[in-house]
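# Topology and contacts: notes
Here is what each chain is made of, one letter per residue.
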Amino acid sequence: MVTPSPLFDSELLRRYDTPGPRYTSYPTAPQFTPEFQEADLREMAATSNGDPIPRPLSLYLHIPFCTSPCFYCGCNRIITRDTARGAAYLTRLYREMAMMSALFDRDREVEQVHFGGGTPNFLAPAQIAEAMDVLRRHFSFAAPQRLDCSIELDPRFITPDEVGELAAAGFNRASLGVQDFDPEVQRAVNRIQGVEQTLAIIEACRRHGLRSVNVDLIYGLPRQSLEGFSRTLDITLQARPDRLAIYGYAHLPSMFRPQQRIDASELPSPEAKLGLLQCAIDKLGQAGYVYIGMDHFALPGDSLAVAQRNGSLHRNFMGYTTHAESDLIGLGVSAISHIGPSFSQNPRDLGSWEQAIDRGHLPVWRGMRLEEDDVIRADVIQRLMCHGALDYRDIEQRHVIEFASYFATALQRLQALRADGLVELSADGLRATSRGRLLLRIIAMCFDNHLPTADTAAATPRFSRTV
């Protein structure tokens, strides 16, 4: 499957820069309700086991601790320098592993493991290795050549030798947070990080045999300039990471308290922010990276680019992934599971999660069972976000519907996007144009049946801007 490279059209991007979901799930997390509880999760797991060909499993472990706050961060994290809290957290996490694993048949192999945060390497390498060992005791892992084990790393708090310990524990992918190497930007967001220490960790990942290294950058941060961000891109591209994520900073201080420490007057103007994005797209394209979608780029030989070409790319709470047909089990505070046609989320506050574990319960805070309409729309939105295209007949055969009548409202909404050159529509399907590739969220929103009205969206902003 060949997808067009993105074409930067600043006028269109400005016009369509509105709040919208990132579609790591559909329906999105604001639709989850507390009516979905532990009994529902247990029922969905049992039903999933009963499928004629049960899906493999993906595991996500959330490690919430960070030693210092990054002011831009919107993640669920706990600031502490008390490393003993990590050991106490793991004790309960192991109990949750035992309870969750008991719900799934042992012949269902784990094909993907991801440690996210927070800062997973807040834990010592020996603790992370122990957590992997406990997972292996409770779940059946796929053969090493089919198993992806990834971890998010803060290069400031890990040594090259410790990378070797993680590789020995089974990790074969790593994602490194950088954001920007400009010292002025780093001071503004409270994240001082040296170039040499970061490059040393990338080199260590390669030396110890990790399959893939991802680097996260952010555009739109305070004090960011075109010259400084261009220099950050040049430094990063010299290291030639397999993947790059270029996130747009979403300034939502009413939702994320650390962002209140950012001086809004130091943020780039909307025009300057678009200039940073264009700089990134141009430089990555010239360096040979493939645009995957949203904010992700990969080298042509990386598994994400291969999956996009062969039509097997998938998107979930961990971002873009090659593991499309799997049930996702979330472990730890705030983690989200996707089991069959359901979502469930653990409590976002540590105390509630701990209390549930201590009482011997699965810590389900909220979730939802998907209606048939949700399943159909989730499939459509998934295909748009991963491939920027739809084959109507394929959707019709998968869900026994007549596309044009079922999605009459969505097709009407798409007419304005068609007029602006974002999509091409035919009797057989639709396809995002080169101009539309950077606005896949806008295209997907045409099929979203849960979006708030304009009034409620203004009263309760829940989504970042689409550019």
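Residues numbered from 1 in each chain as written. Predicted model: local features only at pLDDT ≥ 70, side-chain atom pairs only at ≥ 80, totals over all residues. Heavy atoms only, no water.

Per an unreviewed UniProt entry, the protein is named Coproporphyrinogen-III oxidase, and its organism is Stenotrophomonas nitritireducens. The Pathway (unreviewed entry) comment attached to the protein in UniProt states, word for word, "Porphyrin-containing compound metabolism; protoporphyrin-IX biosynthesis; protoporphyrinogen-IX from coproporphyrinogen-III (AdoMet route): step 1/1." (UniProt positions renumbered as here; feature names shortened; annotations may be inferred.)

### A look at the overall build of the protein
Secondary structure summary: the protein contains 17 helices and 20 strands in total. For 467 residues, the compact-globule formula gives about 23 Å, and the C-alpha radius of gyration of the protein, at 22 Å, lands near that figure. Its C-alpha atoms give the protein principal-axis dimensions of about 60 × 55 × 45 Å. Looking at the protein as a whole, 56% of its 467 residues are labelled buried. By sequence separation, contacts in the protein at least 24 residues apart represent 74% of the contacts at least 6 residues apart. (Helix = DSSP H or I, 4+ residues; strand = E, 2+ residues; numbered from the N terminus. Rg over C-alpha atoms; globule rule 2.2 N^0.38 Å. Buried < 20%, exposed > 50% of the residue type's maximum accessible area, 1.4 Å probe, protein only. Contact = heavy atoms within 4.5 Å.)

### Quick notes on the sheet that holds strand β18 (residues 389-391)
Hydrogen bonds between backbone atoms are what pair the strands of a sheet, whose relative direction is either parallel or antiparallel. Strand order in the open sheet made by the three strands is β18-β20-β19, with antiparallel pairing throughout. The sheet is open, and its two edges are formed by β18 and β19 (423-425), each paired on a single side. In this sheet, neighbouring strand axes are inclined to one another by 15 degrees on average, regardless of whether the strands run parallel or antiparallel. Where helix α12 (residues 372-387) meets the sheet, it contacts β18 and β20 (429-432), and its direction lies at approximately 135 degrees from that of β18. Lying on the sheet, helix α15 (residues 408-419) is in contact with β19 and β20; it crosses β19 at an angle near 120 degrees. (Pairing = 2+ DSSP bridges. Axes fitted to C-alpha atoms, helices over the stretch in contact; angles between N-to-C directions.)

### Description of the side chain of Gln193
Positionally, Gln193 belongs in the loop between α6 (183-189) and α7 (195-207). On the basis of relative accessible area, Gln193 is assigned to the buried category, the value being 3%. Within the local environment of Gln193, its side chain forms a polar contact with the side chain of Arg191, the two groups lying 2.9 Å apart. Side-chain polar atoms of Gln193 contact the side chain of Thr198, separated by 2.9 Å. Those residues in contact with Gln193 that lie beyond four places of it in its chain are Asp154, Pro155, Arg156, Gly177, Val178, Phe181, Gln186 and Thr198. (Polar contact = N/O pair within 3.5 Å; in protein donor to acceptor, adjacent residues only side chain to side chain.)

### Some details on helix α3 (residues 84-101)
The end-to-end C-alpha distance of α3 is 26 Å, a good match for the 26 Å that 18 residues give at a rise of 1.5 Å each. When we look at burial in α3, the residues that qualify are Gly86, Tyr89, Leu90, Arg92, Leu93, Tyr94, Glu96, Met97, Met99, Met100 and Ser101. (Expected span 1.5 Å × (residues − 1).)

### Regarding the packing of aromatic side chains
Centre distance and the angle of the planes are the two values used to describe a pair of aromatic rings. If you walk through the whole model with that rule in mind, you get eleven aromatic pairs. Among the aromatic residues, ring-to-ring pairing joins Tyr392, Phe403, Tyr406, Phe407 and Phe447 into one connected group. Directly above the aromatic system of Tyr320 lies the positively charged group of Arg315, at a separation of 4.7 Å from the ring centroid. (Phe/Tyr/Trp six-rings, centres within 6.5 Å; stacked < 30°, edge-to-face > 60°. Lys NZ or Arg CZ within 6 Å of the ring centre and 35° of its normal.)

### Concerning the pattern of salt bridges
Across all of its chains, the model carries 30 salt bridges by this definition. Glu266 serves as the salt-bridge partner of Arg223, at 3.1 Å between the closest nitrogen and oxygen. In this pair, Arg223 sits in the loop between β8 (212-219) and α8 (226-239) while Glu266 sits in the loop between β9 (243-248) and α9 (270-286), placing the two residues 43 residues apart along the sequence. Residues Asp302 and Arg243 are paired through a salt bridge, measuring 2.7 Å at the closest nitrogen-oxygen approach. Remark: Arg243 occurs in strand β9 and Asp302 occurs in the loop between β11 (296-298) and α10 (303-310); sequence separation between them is 59 residues. According to the relative accessible area criterion, Arg243 is buried, its value standing at 15%. Each member of the salt-bridge network shares a partner with another, and the members are Asp51, Arg55, Arg108 and Asp327. (Salt bridge = Lys/Arg side-chain N within 4 Å of Asp/Glu carboxyl O.)

### Things to note about the UniProt feature "domain: Radical SAM core" (unreviewed entry) in the protein
As annotated in UniProt, the feature "domain: Radical SAM core" (unreviewed entry) corresponds to residues 51-287 in the numbering used here. Within the segment residues 51-287, helix and strand shares are 39% and 21% respectively, and the terminal C-alpha atoms sit 44 Å apart.

### Things to note about the nonpolar core
Counting 127 residues, the largest nonpolar core has Phe115, Leu135, Ile246 and Phe447 as the members making the most contacts within it. Ranked by size, the runner-up nonpolar core spans ten residues in total, among them Tyr72, Val185, Ile218 and Tyr249. (Core = buried A, V, L, I, M, F, W, Y, C linked by side-chain atoms within 4.5 Å.)

### Let's talk about the environment of Arg207
Within the secondary structure layout, Arg207 lies in helix α7. Of the polar contacts made by the side chain of Arg207, one reaches the side chain of Glu203; its length is 2.3 Å.

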